[in-house]
Structure formats: C-alpha cells, structure tokens
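Chain by chain, the residues run as shown.
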Amino acid sequence: MNRPSNPTATLQSGTSGGNNLPSGPAGHPTPPGGHGHGPPTGGPTVTIGSYPDYPSAQRVVDYLADNRFPVERTAIVGTNLTLVETVLGRMTTGRSALVGAGTGAWFGLFIGLLFGIFTTGSWVAVILVGLVIGAIWGAVFGAVAHAMTGGQRDFTSASSLRASQYAVTVDADQADQARQLLGRMHLTPTGATAR
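The structure reproduced in this document is the subject of the present report. (Residues numbered from 1 in each chain as written. Predicted model: local features only at pLDDT ≥ 70, side-chain atom pairs only at ≥ 80, totals over all residues. Heavy atoms only, no water.)

1. So, the overall build of the chain
Then, in step 1: Across its full length, the chain holds four helices and three strands.
Then, in step 2: Scored against the burial criterion, the 195 residues of the chain give a buried share of 25%.
Then, in step 3: Sequence separation of 24 or more characterises 75% of the internal contacts of the chain that already satisfy a separation of 6 or more.
Then, in step 4: Carbon and sulfur atoms form 62% of the exposed surface of the chain, whose accessible area is close to 13,400 Å². (Helix = DSSP H or I, 4+ residues; strand = E, 2+ residues; numbered from the N terminus. Buried < 20%, exposed > 50% of the residue type's maximum accessible area, 1.4 Å probe, protein only. Contact = heavy atoms within 4.5 Å. Areas by Shrake-Rupley, 256 points an atom, 1.4 Å probe, with all protein chains shown as cover.)

Now the structure itself:
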C-alpha cells in the first residue's frame, strides 16, 4: 500500500485517490484543527470548575481577567442544553390586532415625524394622523396574520436555551495558574478534568 510521503497531502480536499474530506468555505481546504466557523480549536483544554448557573461561571472568568490571566484562552461551556418555551398567554384575533396596532402606531409615529419636519402647517396634526393611520393598518395586518394561521398556534411564548451546568475551561498549559487564582477566590471548583 502506497502512502504519501507528505503527511499534509492526505488533508487536501477535492482530489481523487480515496480522499473523502469535503472542501471548506469557498472550495478551499479547511485547515487542520478548525472547522471554518468561529475561533480555531487549539490544544487540549482542562475544566477548572463547573457551576450551576451562568453568572457564577461568568464571575470566575471576570475574576481571572481582573488578575491578568490570559482570558482569551478560556471558555464557558454549557452542558446538557434544554430548550424551554415559556407560554406567555393565549393569542386571540383581538389580541393580535392590539399588538399589531401598537407596532403600527410606532411606525406611523416615525413616518409622521419625518413628514412633520418638512410641513409648513401644523406638524402636530401630521404626527397624529401618521400615528392613527399606522395603528389602524397595524391592527388590520395583525388580525389578518392571526386569522391566516388557522388556529395552529393560538398562544404567545418566549424560548430560551438553558444548560444544567456551566464549565469553565482553560488551555491545559494555563490550568495550574488558573487553579491558583481560583484558590485565592475561595471558590471550590468541581469536576476539574481534562477534555
């Protein structure tokens, strides 16, 4: 079996000969250690602490930054992500029209202000007319949009991603320095493992 003498020859994309690596962005090969999106991945990392909420993990990184630690070599990693959709209330045609009227009123106010600047008459009347027309059209569009859903989604909600745990990781060669700094912070990091 013939092997290429150059180890990077196997990383070339778009060539024949048993190579199955896809091209990176714009057809260029993706560099080793990176996937073409976000910062390139470096060497091994070590988890210096796991915390139950994001503010605690953020406080740790902030403390490291305040003590001149190279925080560009740290990361906060949320694990066991859960999508939580909180239902805020029932959506009716009337409520849709009301929300649309509010949005339309803001847009109408903006347009009224623009026209009010260039008017020679009563600029307050121009602003009020823009506000009223915007509210009416917004209510109509809000009601029509809700009616077109056919009752498929008759509620409003807000979605958020939540993690059960937030780990602070650092590059392996900086782990000892980070642990010493955290020892001064009087936090007991849990789960300090290599990743």
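Now that the structure has been shown, we can carry on.
2. What about the pattern of salt bridges?
Then, in step 1: Per the counting criterion, the structure on display carries three salt bridges.
Then, in step 2: What emerges from the salt-bridge pattern is a single network uniting Arg73, Asp171 and Asp173. (Salt bridge = Lys/Arg side-chain N within 4 Å of Asp/Glu carboxyl O.)

3. As for the pairing of strand E3 (residues 155-171)
For a regular strand, the rule is simple: side chains alternate between the two faces of the sheet.
Then, in step 1: Note that strand E1 (residues 45-51) and E3 share six bridges and pair antiparallel. Residue pairing in the sheet places Thr47 in a bridge with Thr169 of E3.
Then, in step 2: Summarising the sheet, strand E2 (residues 74-90) and E3 pair through 15 bridges and their orientation is antiparallel. Each residue of the ladder has a partner; that of Val77, found in E3, is Ala167. (Pairing = 2+ DSSP bridges.)

4. Observations concerning the packing of aromatic side chains
Then, in step 1: For the coordinates displayed, the defined rule picks out two aromatic pairs.
Then, in step 2: A ring pair is formed by Tyr54 and Tyr166, whose centres lie 5.8 Å apart and whose planes are at 70°; its orientation type is edge-to-face. In this pair, Tyr54 sits in helix H1 (residues 54-66) while Tyr166 sits in strand E3, placing the two residues 112 residues apart along the sequence.
Then, in step 3: Of the residues examined, Tyr54 reaches a relative accessible area of 40% and is grouped as partly exposed. (Phe/Tyr/Trp six-rings, centres within 6.5 Å; stacked < 30°, edge-to-face > 60°.)

5. Let's talk about the environment of Leu113
Then, in step 1: The topology assignment puts Leu113 in helix H2 (residues 93-118).
Then, in step 2: Residue class for Leu113 comes out partly exposed when judged on its relative accessible area of 40%.
Then, in step 3: C-alpha separation for the pair Leu113 and Ile127, spaced 14 residues apart in sequence, amounts to 5.6 Å.

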